[in-house]
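Here's the letter readout for the chains.
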Amino acid sequence: DDGNGEGRSFRFHRTMKEGTAIFMEPVGVVGMITPWNWPMYQILLKVVPALLVGNTCILKPSELAPLSGLFIADLMHQSGFPPGVFNLINGDGEVGKMLAV
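Cut-offs applied
Residues numbered from 1 in each chain as written. Predicted model: local features only at pLDDT ≥ 70, side-chain atom pairs only at ≥ 80, totals over all residues. Heavy atoms only, no water. Pairing = 2+ DSSP bridges. Helix = DSSP H or I, 4+ residues; strand = E, 2+ residues; numbered from the N terminus. Axes fitted to C-alpha atoms, helices over the stretch in contact; angles between N-to-C directions. Contact = heavy atoms within 4.5 Å. Right-handed = clockwise from strand over helix to strand, strands pointing away. Core = buried A, V, L, I, M, F, W, Y, C linked by side-chain atoms within 4.5 Å. Buried < 20%, exposed > 50% of the residue type's maximum accessible area, 1.4 Å probe, protein only.

Explain the sheet that holds strand 3 (residues 29-33) to me, using residue names and the numbers behind them.
Hydrogen bonding along the main chain pairs the strands of a sheet, whether they run parallel or antiparallel. Spatial strand order, 3-4-5: three strands in an open sheet with parallel pairing. For this open sheet the edge positions go to strand 3 and strand 5 (86-88), each flanked by a neighbour on one side alone. With direction set aside, neighbouring strand axes in the sheet form an average angle of 20 degrees. Sheet topology note: the strand 4 (residues 56-60)/strand 5 ladder contains three bridges and is parallel. Across the sheet, I58 pairs through a bridge with N87, a residue of strand 5. In this fold helix 2 (residues 67-79) packs onto strand 4 and strand 5, with an angle of close to 145 degrees to the strand it touches most, strand 5.

If you had to explain the pairing of strand 3 to someone new, which residues and values would you point to?
Across five bridges, the pairing between strand 3 and strand 4 is parallel. In the strand pairing of strand 4, G31 is matched with I58. The parallel pair strand 3 and strand 4, bridged by helix 1 (residues 39-52), forms a crossover whose chirality is right-handed.

Please give an account of the nonpolar core that cites residues and values.
Residues M32, I43, V47, A50, L51, C57, L59, I72, M76, V85 and F86 constitute the largest nonpolar core, which totals eleven residues. Sorting the residues of this core by element identifies helix 1, strand 4 and helix 2 as the ones contributing at least two each. Among the elements that make up this core, the one with the highest residue count is helix 1 (four residues). Apart from residues no more than four positions distant in its own chain, I72 is found in contact with M40, I43, L44 and F86.

Below is the structure:
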């Protein structure tokens, strides 16, 4: 709220150079596979922008560092996100392959 009772307005289209434009709009479901190093950073780097533009997420964290993904899933649940907006699957590289197909 900007103080006058109206919500804030956001630009969802930017023209960068002649002939180049960026459209920030949801694409639907975003599949995310994160590595073992810096797991919390890698997860938030992917999840936050996807949710901000209205996408739903399927996250598959590294099997070597799954607790960060579980923490984020619990945080989403406690925060009141609707069921199905953020989804977590755990597993090894074979699970990641199925998500990437």
